[in-house]
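Fold and geometry: a report
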Amino acid sequence: MTPLSRAALRRTAGGLAAAGLLAAGSLAVGAPAQAADPVLTLGGPAVTAVHPYPESGAPRKSSLGLTVDNPAQGEDGYEGEVTYTLDLAGVAGIADVTVAEDTGGDCEITGDTAVCRDHGVHAGLSSVADFDVAAAEGSEEGATGTIAVTGSADGVTFTPFSTRVTIGGPDLVMKQLPFEQATEPGDVQPAPITFGNTGTTAADGVLLTLMYTRGLEIPERYANCEYTNGEGPQEGFAWSTALCSVEGSYEPGATYTLAVPLSVETTERAYHDTFVYRIEQDGASRRTALRAGAAFTRGTGPELALKKVAASARSVDLDPWDNQQEVDFRAKNTADFVAIGGKEKGTAGETVTAEVGFRNDGPAWIGHIRSGESVATLDFTVPEGAEVTGKPDSCQGVTASGTYREKQLGAPRYRCDTSMTVRDGAETGYPFDLKINEVVPDAAGAVTVRNTWLADPELPFDPAPANNTAQLVLNAEGTAEDTGGTSDGTTGTGGSTGGDTSGSTSGTSGTAGTSSTSGSTGTTGSAAGDTDGPLAATGSDALMTAGAAAVALAAGGVLYVTTRRRAERG
């Protein structure tokens, strides 16, 4: 497993906001302002805990990452100069604040004021800057103060934000479990969750969060746990979640093993899977945030005694970066990807909509959730006598040999990258508008589902490459060659959107599509008009942001991701 750096996590906090995963975190944001100008919302951790000032040596630093949320849709963002101001007077004598070495912002601190300047604010959630916070000399454990954050820019309204800084608190540390990472379907491994409190105060109750991808399962269902089945905002990443509340006082300096036994099972769907296990202090607001947007079901196993207690102020973890462990499993399994072609008829001058695609006959689901890379590429060669006049957004026009082509419509060949996850049973369709310039009987275009690298087309997980290629046939006469994919050799002209969000995510409605209870969202229509122009980088930034390594629960349990631009591929 390749861990994600703290700096990368902090700088790319906004990637999963659109997917609903950010709601699982404890970042606080200001209340929306009522104004005619665009409203951008500042945010960050509601509370930042720091270690007490030591008797000897330098004080330990805690991280404070500030964010800004721009609700603009798509690629729209603010392009002007922006200034962010931190009022540090509220923590004078309590904490010392410095600019983090790896911060992404242009920041300076003068006296009790920090000022950060930037140009533009991207759509969605993004980082403002990172700061280090340490206890001031002479500060006492339990002391608390507030850092206030404001923003200013022409024609923009910012909601203010504040974070409370507290000296001392619990520090829950999750211990790494010795899992066997090379597995086979049917394997079950024990998960004796163990954690310690290395902080200065006790934790009043703990919350265990377990997240696991589609090929894994936790067979037990305990009464003090709530479970999802992979539906809700995490669906695109194929996550399931268990939230387990355990009462008690967990003292500093002690180590605990949860008495409730847990196990992790490798299912028949497994291939490359991830298990995340996290411990933090329990609280009603924390559980509510983690539940947001997902349907949880309480377990029916043995009951744990619970009682209602008066609300009280709770301490905050001194170092939330060590609350979590992750493990990647690699199961010995396969997935059969099947290309889907079809048949269409039309007269000279007529435009028909033809859908090509593929499905995953399993048994495994395939996901690249750490890298965010596409699982596969659908390669479509246009039949003779036809010209593409509309295409899905996720498909790129290339030359006949598969190399770069500037003009996107009218290309002889198209490459359609999938999303980073393709579920077992999912079917993905790509509708193309084809103008028939000349009627050529039995004109056939190849439809191939392959690896994303043209030079290495074989899918490493697919044991049956013979069905990776089908044909789209125009104006078939007599007995045309097998188009593959379906029993009748056709796929229809309506773009099937399906119900599984793990397929291709691009495409806007241009042709009517039908809906089914399985499969992927696919590309739901063809693009209208000529989209001539340079090719975008392989895979959109939005897909990469949403797809990259969504397994890191950062400070306070917020799901972050990293972004990386893929190299140009064939």
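Scroll up for the structure.
Computed from a prediction, not measured in an experiment: that's the story for all the values here. (Residues numbered from 1 in each chain as written. Predicted model: local features only at pLDDT ≥ 70, side-chain atom pairs only at ≥ 80, totals over all residues. Heavy atoms only, no water.)

1. Points about the pairing of strand 26 (residues 335-340)
In terms of burial, strand 26 is a largely internal element, six of the six residues being buried. The side-chain alternation of strand 26 yields two buried faces, one formed by Ala 335, Phe 337 and Ala 339 and the other by Asp 336, Val 338 and Ile 340. Pairing of strand 26 with strand 28 (residues 351-363), which is carried by five bridges, proceeds in the antiparallel orientation. Looking at strand 28, one finds that Ala 335 is bridged to Pro 363. (Buried < 20%, exposed > 50% of the residue type's maximum accessible area, 1.4 Å probe, protein only. Helix = DSSP H or I, 4+ residues; strand = E, 2+ residues; numbered from the N terminus. Pairing = 2+ DSSP bridges.)

2. So, the side chain of Asn 323
Mapped onto the elements, Asn 323 comes out in the loop between strand 24 (297-298) and strand 25 (324-331). At a separation of 2.8 Å, a polar atom in the side chain of Asn 323 contacts the main-chain carbonyl oxygen of Ile 279. (Polar contact = N/O pair within 3.5 Å; in protein donor to acceptor, adjacent residues only side chain to side chain.)

3. Digging into the sheet that holds strand 18 (residues 216-217)
If you walk across this open sheet you meet the three strands as 15-22-18, and the pairing is antiparallel. Edge positions in the open sheet fall to strand 15 (188-190) and strand 18, since each of these has one partner strand only. Bridging between strand 18 and strand 22 (residues 263-266) involves two bridges; their strand directions are antiparallel. Bridge pairing links Glu 217 to Glu 265 in strand 22.

4. A word on the state of the cysteines
Note on terminology: a disulfide is the covalent bond linking the sulfur atoms of two cysteines. Enumeration according to the criterion identifies three disulfides in this entry. The partner cysteine of Cys 107 in its disulfide is Cys 116, sulfur to sulfur 2.0 Å. Judged by the torsion about the S-S bond (110°), the Cys 107/Cys 116 disulfide is right-handed. Assigned by exposure class, Cys 107 and Cys 116 land together as buried. Across the disulfide, Cys 395 is cross-linked to Cys 416 (sulfur-sulfur distance 1.9 Å). Because the torsion about its S-S bond is 110°, the bridge between Cys 395 and Cys 416 counts as right-handed. Here Cys 395, found in strand 32 (residues 395-398), pairs with Cys 416, found in strand 33 (residues 413-417); they are 21 residues apart in sequence, far enough to count as distant. This pair shows no difference in class: Cys 395 is buried, exactly as Cys 416 is. Here the protein chain pairs its bonded cysteines, counted in sequence order, in the arrangement 1-2, 3-4, 5-6. (Disulfide = S-S within 2.5 Å.)

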